[in-house]
Amino acid sequence: SEPPVAEADETPVATEQRRGRNRVGAVAYSYQYSIALFSYNKRPGERFDALKFVEANHQAGGEVAQLYYTQIRDLDKEGLKRLRRRAEELDVLLEVHGGVALGKWSKFEDTMQRAAALGSKVVGCSFGFLMRPDRIGTLDAWDEHTRQCKARLRELAPLAKSLGLTIAVENHLDFSVEELRDLITSVNSPNVGVLFDVGNIIGTLDDPTEAADILGPLTVATHYKDFAIEEVARGFRFCMVPLGSGSVRLREVTEQLLKHVDPDMGMSIEMINGQHFEVNWLEDRFWTAYRNKTARQLAGTLRHVRGKAINIDDYILIEEVDKLSHEEHVKYEQDRIAQCIAYLKALLDDVSSQPSA
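Residues numbered from 1 in each chain as written. Predicted model: local features only at pLDDT ≥ 70, side-chain atom pairs only at ≥ 80, totals over all residues. Heavy atoms only, no water.

A. Fine view of the nonpolar core. By size, the foremost hydrophobic cluster in this structure holds 97 residues, and its most contacted members are Leu67 and Phe196. When sequence neighbours within four positions are dropped, the list of residues in contact with Phe196 reads Asn171, Ile201, Pro208, Ala211, Ala212, Leu215, Thr219, Ala221, Thr222, His223, Val253 and Leu257. (Core = buried A, V, L, I, M, F, W, Y, C linked by side-chain atoms within 4.5 Å. Buried < 20%, exposed > 50% of the residue type's maximum accessible area, 1.4 Å probe, protein only. Contact = heavy atoms within 4.5 Å.)

This is the structure in structure tokens:
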């Protein structure tokens, strides 16, 4: 269907004065089984549509819901209006993640139009996942990729301005902290910022606490997450776990981030149950497309990996999660995102209550 354009007299979703802390809620990926996203896209059984996701997120305590573009790409104008009205009734702030913004398959402009029709002020994007070294193995190739990303953002920025949107570029285990900062600042548009993924930072051997300070002034949306991170023969093994159960020192990161971000910004949680992968940074080939990192930066990364015990009871791989029945799996997702939302709300309240240094 044709992407509808937001009407000029429509008011943004949930714009009233907040109550002292950022809104907290879920990314659609947190319900990837219930929605039937990605590896579950062919599973049998009932699936959440966009409305059901927003409602389930609200039931879990969510005040912001970050939709994935596939949930809205086939909605007509009336369908988008119904979704927007329901979010307004629940007082849930809507955001949209548009997936990869680069390449001939990208329909990002369409996603931006739909996000604006929903009243969203933010539309997230990425430019790849674990790009180096398997897909990009040289510095020249990386620099060319970066040039393409910059050109794409400059192409999209005028449309974002006309729609009242900010494009939020996620650190998706691709750009290092400094590379992402330099990419955003080089575009030099108030309509291009950062989607700060708290856990992915470690995948580029960066310090999440320092990253929150560097990227915080540019951050307009988040993926709050926690990883249980093990050191293995060739690097790190990451497994996603509920907030507070893993290796990321979330309090330190949050303290830094809150110094910079707008209090009206939504803080969205990504909780993909049992997702695991490896970053083989001890291989020489890992570094062929990276510029030098300092010993201090690497030390900051290792502090997060080694400095906090993980909760082994929450360290459950996706292969075990997938043994659950349909009803059990849906409940498992709901229970875990509710646990994460409660954790982040409490953390934000606690950090905000502390006197400034």
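B. Representation of the sheet that holds strand E5 (residues 166–170) in the model. Across the sheet, which stays open at both edges, the eight strands sit in the order E7-E6-E5-E4-E3-E2-E1-E10 with parallel pairing between neighbours. On the outer flanks of this sheet lie strand E7 (219–223) and strand E10 (267–269), each paired with one strand and no other. If you compare each strand with its neighbour and ignore which way they point, the axes differ by 30° on average. Relative to E7, strand E6 (residues 192–197) runs parallel, the two sharing four bridges. Considered in E7, the bridge of Phe196 is made with Thr222. (Pairing = 2+ DSSP bridges. Helix = DSSP H or I, 4+ residues; strand = E, 2+ residues; numbered from the N terminus. Axes fitted to C-alpha atoms, helices over the stretch in contact; angles between N-to-C directions.)

C. Fine view of the packing of aromatic side chains. In this structure the tally under the stated criterion is 17 aromatic pairs. Note on Phe286 and Tyr290: the rings are 5.1 Å apart at their centroids and 20° apart in plane angle, and the pair reads as stacked. A relative accessible area of 8% places Tyr290 in the buried class. Cluster of aromatic residues (ring-pair linked, three or more members): Phe129, Phe227, Phe236, Phe238, Phe277 and Trp281. Note that Lys52 overlies the ring of Phe48, its terminal NZ or CZ placed 5.5 Å from the centroid. The cationic tip of Arg132 hangs over the ring face of Tyr290; the distance from NZ or CZ to the ring centre is 3.7 Å. (Phe/Tyr/Trp six-rings, centres within 6.5 Å; stacked < 30°, edge-to-face > 60°. Lys NZ or Arg CZ within 6 Å of the ring centre and 35° of its normal.)

D. Representation of the layout of surface pockets within the structure. Space inside the largest pocket adds up to approximately 570 Å³. Contributing to the lining of the largest pocket are 30 residues, with Val100, Ser126, Gly128, Phe129 and His172 lying nearest its centre. Counting residues per element, the lining of the largest pocket draws most heavily on strand E3 (residues 93–100), which supplies three residues. Residues of the lining of the largest pocket, tallied by class, amount to 13 nonpolar, 13 polar and four charged. (1 Å grid on protein atoms, 1.4 Å probe; cavity = no way out; pocket = protein on both sides within 12 Å on 5 of 7 lines; lining within 4 Å. Points joined across faces, edges and corners; volume = space filled by probe spheres on them. Nonpolar A, V, L, I, M, F, W, Y, C, P; charged D, E, K, R; others polar.)

E. Main features of the pairing of E5. In terms of burial, E5 is largely enclosed, as five of its five residues are buried. Side chains Thr166, Ala168 and Glu170 project from E5 onto one buried face, and the interleaved Ile167 and Val169 project onto a second face that is buried too. Each parallel crossover has a hand, and for strand E4 (residues 122–126) linked through helix H5 (residues 139–163) to E5 it is right-handed. (Right-handed = clockwise from strand over helix to strand, strands pointing away.)

F. Representation of the sheet that holds strand E11 (residues 276–279) in the model. The strand order across the open sheet built from three strands is E8-E9-E11, with neighbouring strands paired in antiparallel fashion. The sheet is open, and its two edges are formed by strand E8 (226–232) and E11, each paired on a single side. Between one strand and the next, the sheet's axes are offset by a mean angle of 25°, whatever the strand orientation. Relative to E11, strand E9 (residues 235–241) is paired through four bridges, and the arrangement is antiparallel. Following the sheet pairing, Phe236 is matched in E11 by Val279. The strands touched by helix H9 (residues 295–306) are E8 and E9; relative to E8, the strand with the most contacts, the crossing angle is about 105°.

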